[in-house]
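Read off the chains here:
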Amino acid sequence: MLSPSAVPLLLSFAAAAVTGAAAFLALRRFNREEAVASLRQGVRDAVLLLREPPTVLVTGFRAHGKSSFINTACRALAAEAGPMLLRAETSPPVTHSATFDRCVIRASVAGGGSEDEKEEEEATCAVVALVDTPALPDPGNLTTADVEEALSGVPLPDCVALVLRCGGPTKDRHAAVKKLADFSSLTGLQFVVILTHKKRIKSMRQAEELRREIAFRARTDCVYFIENYTAGNMLNL
Ligand SMILES: Nc1nc2c(ncn2[C@@H]2O[C@H](COP(=O)(O)OP(=O)(O)OP(=O)(O)O)[C@@H](O)[C@H]2O)c(=O)[nH]1
Ligand SMILES: [Mg+2]
C-alpha cells in the first residue's frame, strides 16, 4: 500500500515520463520531416539537371496499390499538407482493374523549404511524369507478351516501378519480379520495386528478409516499403 506522501511523487514521475515520451515523438517526427525534405531537394536537383521530365511507369497486379502509390508520390514530392488530393483514381478491391487506360500524372517536386529555395522554385519548375497503368494479368496467366506490352507504349519510360502488396503468395511474387526484372534489364530501364501495405510487416527481421529476397530476384537494390496515403488514412508514409 502506498503512503499518501508517495502519491504526488508518483504523479510527477508519471507526468515527467509522459512529457519525455511526447518530446521524443516530436523529435522523431521533426527528424523524419527533415530527412524527407532533404530527399525531396535531392530529387529536385537531379530532375532540374535533365532536359525532359523523367517518366516513371508504374505497373503491377490488380489492386496492389499502383494508383495509391502515385497519389502518395504526388503528395510527398509536392510537400503537400492538408486534405488528400487524389490525382489517380483508386478503388476498393474489385474483380477487374479500376484503372482502364494509361494516364500520365505530372508530379511537381518542391524544394527543401528555405526562403531562398522557395524563390528559386517559383522560377524553375521540376516535374516527374508518373504513368498509371491498367493491371497486369494475374501472375498465373502472365505471359512474356503481356510484360513486353506493359513496358512499351507511349510515353516510353525511363524507369519502371513494380508495385507489389506485402504478403500474398510467394510464388506469384517470384513470377512477377523475375519476369519484369528480366524485361526491364533487356530494355536498359532502371527497375524499382515498391512494397505497399507496409503495416502488414510484423518485424524488422521479416522486412529485411523480404527486401533481400526481392532485391536478389529483381537484381536491384531499389526495393522500398511504403504505407500509401489513402483517403481513409492520412497519417502514414
Ligand atoms: N492499408 C493500405 N491500403 C492501401 C495501400 N495501398 C493501396 N491501398 C488500398 O488498396 C485498394 C486498391 O488500391 P489502388 O491504388 O486502387 O490499387 P491499383 O493497383 O491501382 O488497382 P487497379 O488499378 O484496380 O489495378 C484501395 O482501397 C486503397 O485504398 C497501402 O499501402 N495500405
Ligand atoms: Mg489503379
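Quantities reported herein were computed from a predicted structural model and do not represent experimental measurements.

A. Focus on the overall build of the protein. In terms of regular secondary structure, the protein is built from six helices and six strands. Looking at the protein as a whole, 36% of its 237 residues are labelled buried. Of all intrachain contacts in the protein linking residues separated by at least 6 positions in sequence, the fraction that spans at least 24 positions is 77%. Of the roughly 14300 Å² of accessible surface on the protein, 60% is carried by carbon and sulfur atoms.

B. Fine view of the coordination of the magnesium ion (ligand 2). Distances from the magnesium ion (ligand 2) to its protein donors, Ser67 (OG) and Thr99 (OG1), fall at 2.0 to 2.1 Å. In this pair, Ser67 sits in helix H2 (residues 66-78) while Thr99 sits in the loop between H2 and strand S2 (103-108), placing the two residues 32 residues apart along the sequence. As far as the burial class goes, Ser67 and Thr99 line up, both buried.

C. Just unusual backbone geometry, in detail. The backbone phi angle of Ala63 is positive, close to 60°, even though this residue is not glycine. Following the sequence through the fold, Ala63 ends up in the loop between strand S1 (55-60) and H2. The phi dihedral of Ala79 is positive, around 55°, even though this residue is not glycine. Summarising the element assignment, Ala79 is placed in the loop between H2 and S2. We classify Ala79 as partly exposed; its relative accessible area is 40%.

D. Fine view of the packing of helix H5 (residues 170-186) against helix H6 (residues 204-218). One way to put it is that H5 packs onto H6 with a least axis distance of 8 Å and a crossing angle of 40°. Judged by the angle between their axes, H5 and H6 are oblique. Note on element contacts: H6 touches H5 through Leu210, Glu213, Ile214, Arg217 and Ala218, opposite Arg173, His174, Val177 and Ala181. When the residues that make up the contact of H5 with H6 are grouped by side-chain class, the tally is five nonpolar, one polar and three charged.

Each value, and the rule that gives it
Along every chain, residues carry numbers that run from 1 in the direction the sequence is written. For this description, chains carry letters from A and ligands carry numbers from 1, given in the order in which they are written. Only residues with pLDDT of at least 70 get local features here, since the model is predicted, and only at 80 or more are side-chain atom pairs given and counted; chain-wide, interface and lining totals rely on the full set of residues. Computation of side-chain values: all heavy atoms of the structure, hydrogens and water removed. Under the scheme used here, helices are H or I runs from DSSP no shorter than 4 residues and strands are E runs no shorter than 2 residues, and both carry numbers assigned from the N terminus. Residue burial is assigned from relative accessible area. The probe radius is 1.4 Å, only protein chains are included, and a residue is buried under 20% of its type maximum, exposed over 50%, and partly exposed in between. In what follows, a contact means two residues having at least one pair of non-hydrogen atoms within 4.5 Å. Computed with the Shrake-Rupley method and a 1.4 Å probe, the accessible areas treat only the protein chains shown as cover for residues. With water excluded from the atoms, a metal site may look incomplete; its donors are any N, O or S atoms within 2.8 Å, or within 3.2 Å for Na, K and Ca. Here the axes come from fitting lines to C-alpha atoms, over the contacting stretch only for helices, and the angles between their N-to-C directions go from 0 to 180 degrees. Geometric relationships in this document are graded by angle, where less than 35 degrees denotes roughly parallel, more than 145 denotes roughly antiparallel, 65 to 115 denotes roughly perpendicular, and other angles denote oblique. Ten residues, namely Ala, Val, Leu, Ile, Met, Phe, Trp, Tyr, Cys and Pro, are considered nonpolar, four, namely Asp, Glu, Lys and Arg, are considered charged, and the remaining ones, Gly among them, are considered polar.

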